Amino acid sequence: VKSNGRGAACRFIPAIRDKAEERRALEADLAQALARGELSLAFQPVVEASDEHIVGFEALLRWNHPAHGKVPPDKFIPVAEATGLIIPIGHWVIRNACAWAARWPDHVRVAVNLSPAQIEDPLLIETVQRALADNDLDPARLELEITESLFLNEKPATTAKLAALRGLGVSFALDDFGTGYSSLGYLHKAAFSRIKIDRSFVSRAVQPGSEAGAIIQAIVSLAHSLDMATTAEGTETREEFEFCRALGCEQIQGYLFGRPMPPEEATALVRPATRL
Ligand code: C2E
Ligand code: CA
Ligand code: CA
Ligand code: CA
């Protein structure tokens, strides 16, 4: 143990010291992960509620650590955000997601998650533009998912940046709606096409006495009055699916219709005849 003040203090709080050490180790490993090919994308199907056909996939990052195995995104994305590594990693995600989407039929879109830090990336617009052009992908087939937390510490340039992205022809989805921020004043700022209803509402909706159904109903009607569609996230059961469909959710995503899967598997679902 080092004899500096920090080390001495931490010696008596092993849990905190271990957490900090674990985090530093994770940071160092994550810095290498991209170059070492440890990152991959998994694609989760999104289906149309009316006919249950796949209309898109959400790209979800995966990290296969050489020693620890699969590290959950909820663990390494915050580290990537705090260190700035989310910027180069995000570039890779955008390019990779567009490259896969280019192999899918025209009606199948791809959704890519953007952290608030990525909106500030000066190379974001150029990266999206090049990924679309290099893969000859119609911008309408790329959806960018952003969370309401972006508007919590909104920088002056945020709205302009979103407008510029929108100008490329890509669309925006508002992710995890209802979980973070209570103001609705930001809703017009990105011209959202879609609200993604958080899994916490979907899973509670069918429980007896739950208020979650009423909340979903309110979100759907808010969305429709603003000309937006909705996707119910984290739909695990037939009952949840029927419930959300009856309330007017246009699209459904969740384990019921497929877990996040390797790109080849996702591609085979929408292009069964293509050999990769
Ligand atoms: P998210 O954007 O809300 O993604 C949905 C999460 O819910 C995914 O977790 C997905 O695997 C999980 N999920 C989907 N359907 C179900 C279901 O029916 N039941 C349950 N229990 N879970 C379901 P995942 O893949 O662990 O990702 C966690 C979060 O990490 C994402 O939440 C997103 O915020 C972030 N993330 C993932 N990939 C990226 C990325 O490429 N860039 C950025 N910035 N963030 C990412
Ligand atoms: Ca998402
Ligand atoms: Ca979500
Ligand atoms: Ca989330």
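Along every chain, residues carry numbers that run from 1 in the direction the sequence is written. Written order determines the labels here, with chains lettered from A and ligands numbered from 1. Selection of residues for local features in this predicted model requires a pLDDT of at least 70, selection of side-chain atom pairs for listing and counting requires 80 or more, and totals for whole chains, interfaces and linings are taken over all residues. Working from all heavy atoms in the structure, the side-chain values ignore hydrogens and water.

Identification of the chain as EAL domain-containing protein from Sandarakinorhabdus fusca is taken from an unreviewed UniProt entry.

K.L.:
Would you explain the side chain of Q44 in this entry?
P.N.:
Helical segments are the DSSP runs of H or I of at least four residues, strand segments are the runs of E of at least two, and each set is numbered from the N terminus. Here Q44 is to be found in strand 1 (residues 39-48). Here the term buried applies to any residue with accessible area under 20% of the maximum for its type, exposed to any over 50%, and partly exposed to those in between, with areas from a 1.4 Å probe on protein chains only. On the accessibility criterion, Q44 (8% relative accessible area) is buried. By the criterion applied in these results, polar contacts are pairs of N or O atoms within 3.5 Å in which, for protein atoms, one can donate a hydrogen and the other can accept it, and in which residues neighboring in sequence qualify only through two side-chain atoms. Here G258 takes part through its backbone oxygen, which lies 3.0 Å from a polar atom of the side chain of Q44. A contact between two residues is defined here by any heavy atoms of the two lying within 4.5 Å. Other than its neighbours up to four places away in sequence, Q44 contacts G56, F57, E58, L60, Q253, G254, Y255, G258, R259 and P260.

K.L.:
When you look at the site of ligand 1 in this model, what are you seeing that I'm missing?
P.N.:
Every one of the 23 residues lining ligand 1 counts as a neighbour, but Q44, R62, S115, E236 and Y255 are closest to it. Here a nitrogen atom of ligand 1 and a side-chain polar atom of S115 are 2.8 Å apart. At 2.8 Å from an oxygen atom of ligand 1 is found a main-chain nitrogen or oxygen belonging to Y255. The pocket and cavity definitions rest on a 1 Å grid over protein atoms only: a 1.4 Å probe that fits but cannot leave marks a cavity, an open set with protein on both sides within 12 Å along at least five of seven lines marks a pocket, and residues lining either have an atom within 4 Å of a point. Any molecule with more than half of its atoms within 2 Å of a cavity's or pocket's grid points is counted as sitting in it. Put simply, ligand 1 lies in the largest pocket. Put simply, a residue is near a molecule or strand once any heavy atom of it comes within 4 Å of that molecule or strand.

K.L.:
Just checking my understanding: could you explain the nonpolar core for this structure?
P.N.:
Inside soluble globular proteins, nonpolar side chains tend to come together where they are buried. Each nonpolar core is a collection of buried residues, namely Ala, Val, Leu, Ile, Met, Phe, Trp, Tyr and Cys, held together in the definition by side-chain atoms within 4.5 Å. Among the nonpolar cores identified, the biggest contains 73 residues, and I146 and F192 are the most heavily contacted of them. Sort the elements by how many residues they give to this core and helix 4 (residues 86-101) lands first, with 8 residues. Setting aside anything within four residues of it in sequence, one finds I146 in contact with L114, I119, F151, L162, F172, A173, L174, D175, A190 and F192.

K.L.:
Looking at this structure, I do not really get empty space enclosed by the protein. What am I missing?
P.N.:
Remark: the empty space left among the atoms is shown by a probe the size of a water molecule rolled over them. Grid points are joined across faces, edges and corners, and a volume is the space filled by probe spheres set on the points. This structure, assessed with the given rule, holds 1 cavity of 30 Å³ or more. Its boundaries defined by the atoms lining it, the largest cavity holds a volume of some 30 Å³. Taken together, V46, E58, R109, A111, E143, E145, R194, K196 and Q253 make up the full set of residues lining the largest cavity. Put simply, the parts of the chain that give the lining of the largest cavity at least two residues each are strand 4 (109-113), strand 5 (142-147) and strand 7 (194-197).

K.L.:
How should I be thinking about the packing of aromatic side chains in this particular structure?
P.N.:
Think of a pair of aromatic rings as described by two things: how far the centres are apart, and how the planes are tilted against each other in angle. Aromatic contacts are taken between Phe, Tyr and Trp rings whose centres are within 6.5 Å, Trp giving its six-membered ring; a plane angle under 30 degrees counts as stacked, one over 60 as edge-to-face, and the others as tilted. Per the counting criterion, the structure on display carries 6 aromatic pairs. Where F43 meets W104, the ring centres are 5.2 Å apart and the plane angle is 90°; that geometry is what we call edge-to-face. Taken together, the positions of F43 in strand 1 and W104 in the loop between helix 4 and strand 4 put the pair 61 residues apart, joining distant regions of the chain. Between F151 and F192, the aromatic rings sit 6.3 Å apart at their centres with planes inclined by 75°, giving edge-to-face as the arrangement. Highlighted residues: F151 in the loop between strand 5 and helix 7 (157-167) and F192 in the loop between strand 6 (171-177) and strand 7, separated in sequence by 41 residues. Comparing F151 with F192, the two get one shared label, buried. Ring-pair connections join several aromatic residues into one group, and the members of that group are F43, F57 and W104. The ring of W100 has R103 lying over it, and the distance from NZ or CZ to the ring centre is 4.3 Å. Charges are assigned to positions over rings by a cutoff of 6 Å between ring centre and Lys NZ or Arg CZ, combined with an angular limit of 35 degrees from the ring normal. The cationic tip of R259 hangs over the ring face of Y255; the distance from NZ or CZ to the ring centre is 3.8 Å.

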